[in-house]
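Chain and residue survey
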Amino acid sequence: MQSRKSKFIMLLVLFVFIFFFSNDFGLINVEKTSIITAVAIDYENDEYVVTAQIAVPEATDTNTENQKAQLSGKGATVGEALKDLGDVSGWFPKLSFCNLIILGNSLTDDNVIKAVDYFTKTLRVQDSALIALSEKNAKDLLTLATPLDNISSFALQKIILKNTGFDKDVAQSDVKTFCSDYYSISESSYMPLIKVIPAGESQKSQSSGGGTQNSGGMNPGTSASEQKGDKDNLFDAKTTALFLKGKKVGELDNNLTLIFNMLTSPIKGTVLTVKDMPDKNGEKSNYLLMVMRSIRSVKVKADENDLKVKIKINLYCKITDHTSKNSDYSLSQNIPIPKIVLEKLEKDLTSNIEELIETSKQSGCDFLQLKQKLYRNNYKHYARYKDNYLSVIKPEIKVTVSGQT
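Structure report, in brief. (Residues numbered from 1 in each chain as written. Predicted model: local features only at pLDDT ≥ 70, side-chain atom pairs only at ≥ 80, totals over all residues. Heavy atoms only, no water.)

**Some remarks on a positive patch on the surface**
Among the surface-exposed residues, Lys-299, Lys-301, Lys-310, Lys-312 and Lys-398 lie close enough to one another that they form a single positively charged patch. The topology assignment puts Lys-310 in strand 12 (residues 307–322). A relative accessible area of 34% means that Lys-310 is categorised as partly exposed. (Patch = residues over 30% accessible without salt bridge, like charges linked within 9 Å, V, L, I, M, F, W, Y side chains within 5 Å. Areas by Shrake-Rupley, 256 points an atom, 1.4 Å probe, with all protein chains shown as cover. Salt bridge = Lys/Arg side-chain N within 4 Å of Asp/Glu carboxyl O. Lys, Arg positive; Asp, Glu negative; His and termini not counted. Charge placed at Lys NZ, Arg CZ, Asp CG, Glu CD. Helix = DSSP H or I, 4+ residues; strand = E, 2+ residues; numbered from the N terminus. Buried < 20%, exposed > 50% of the residue type's maximum accessible area, 1.4 Å probe, protein only.)

**A few points about unusual backbone geometry**
We note that Asn-45 has phi near 55°; this positive angle belongs to a residue other than glycine. Structurally, the position occupied by Asn-45 is in the loop between strand 1 (33–44) and strand 2 (47–57). We classify Asn-45 as exposed; its relative accessible area is 73%. Unusually for a residue other than glycine, Asp-276 sits at a positive phi of about 55°. Mapped onto the secondary structure, Asp-276 falls in strand 10 (residues 271–278).

**Quick notes on helix 5 (residues 152–160)**
Taken across its nine residues, helix 5 has seven buried, putting it largely inside the fold. Considered for burial, the residues of helix 5 that qualify are Ser-152, Ser-153, Ala-155, Leu-156, Gln-157, Ile-159 and Ile-160.

**Re a nonpolar patch on the surface**
A surface patch of nonpolar side chains, about 510 Å² in accessible area, is lined by Phe-8, Ile-9, Leu-12, Val-13 and Phe-15. When you line up the elements, Leu-12 lands in helix 1 (residues 2–21).

**A short note on the packing of aromatic side chains**
To describe a pair of aromatic rings, one takes the distance between the centres and the angle between the planes. Tallied over the full model, the rule gives nine aromatic pairs. For the pair Tyr-118 and Phe-119, a centre-to-centre distance of 5.3 Å together with 80° between the ring planes defines the contact as edge-to-face. Judged by relative accessible area, which is 1%, Phe-119 ranks as buried. Ring-pair connections join several aromatic residues into one group, and the members of that group are Tyr-190, Phe-260 and Phe-367. (Phe/Tyr/Trp six-rings, centres within 6.5 Å; stacked < 30°, edge-to-face > 60°.)

**A short note on the pattern of salt bridges**
Enumeration according to the criterion identifies ten salt bridges in this entry. Notably, a salt bridge pairs Lys-139 with Glu-44, separated by 3.4 Å at the nearest N-O pair. One end of the pair, Lys-139, is in helix 4 (residues 138–143); the other, Glu-44, is in strand 1, and 95 residues separate them in sequence. Residue Glu-44 is classed as partly exposed on the basis of its relative accessible area of 25%. The shortest N-O distance in the salt bridge between Lys-308 and Glu-396 comes to 3.0 Å. On the criterion of sequence distance, the pair formed by Lys-308 in strand 12 and Glu-396 in strand 13 (residues 394–403) is long-range, its members being 88 residues apart. Overall, the relative accessible area of 27% leaves Lys-308 in the partly exposed class. Via salt bridges that share partners, Lys-162, Asp-169 and Lys-238 belong to a single interconnected network.

Limitation: the analysis is restricted to geometry and does not speak to function.
Structure, rendered in structure tokens:
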């Protein structure tokens, strides 16, 4: 019996090796495979233009950085444009490592789901790939050089994906989330809006004086444009683009984006500023508070007479900075927060939540998925309010901020 089992295993191993060395597994030559890290989609002249950023590993004794390359393809659909990208380059586009999809502003004139839906149907791209909207052309973001990373898509991912400890000031979205929100009852979705901002004049001055740092010429693997100081670009993703039925209908600024995240996810580690608070000497000072714990609740309640959204936020904060020049506080980390500061923060947050609800009403974008909550939890009143729920809904807001006192 043992002999038969050994023979079976040997035959199975031999069978696998035969297929492996004969290339019958359909393996793709590594030298002809392009590892795509990001995809930018624009719409030009009635065609989709797909630009892919490719990571090209070129590690040598003098250069350990990964270089980048951009390839573009055109087609009547996104899938055809990706196929054209491979046809014109001779490289098979490998999308398994694509973690970022950028939509150009030209796509917002029509339903963007026409471009995004391909990535939900194909198995070549993971559903967790981030999705974002460019303020201008999407392909321009991939060609920009930044001081943060040699590959711009990696720099973009760093500012969109923030771990605990960073401010929750970016409303990140992925392919799965965007499409599920689009096909939901609310038909509303969102994604971060990427803007390009200058990194500052200091970068230019350092680049212009590069002769003292690099008298031997350009560093290996560094392009000429980067040597000329073309790295003074940073990205801002704090603005959120709002979509209704796939069309862009509005935006949330950085303050409202933070409030939106406060209502939809934990914001531990986020810092909040309370300005112009009087101290005991009558002078104005600013407080910087860090959120140590956050609890939120957004519920929709309906009856025959009213439709309400009840919003509750409970924050526990501590002081991390204070601009008062005369302070009685000790060097202890447990600094009490004055009651007047807590009340001011509660008032500011309540006002911002009211503005957020009003933005939803004005744009028609139900980014808080209130209609879905009405359908799931108050179905017997759904038919009564489904057509005008945003216009008649009344917010009831309760914000509680506590800390060491």
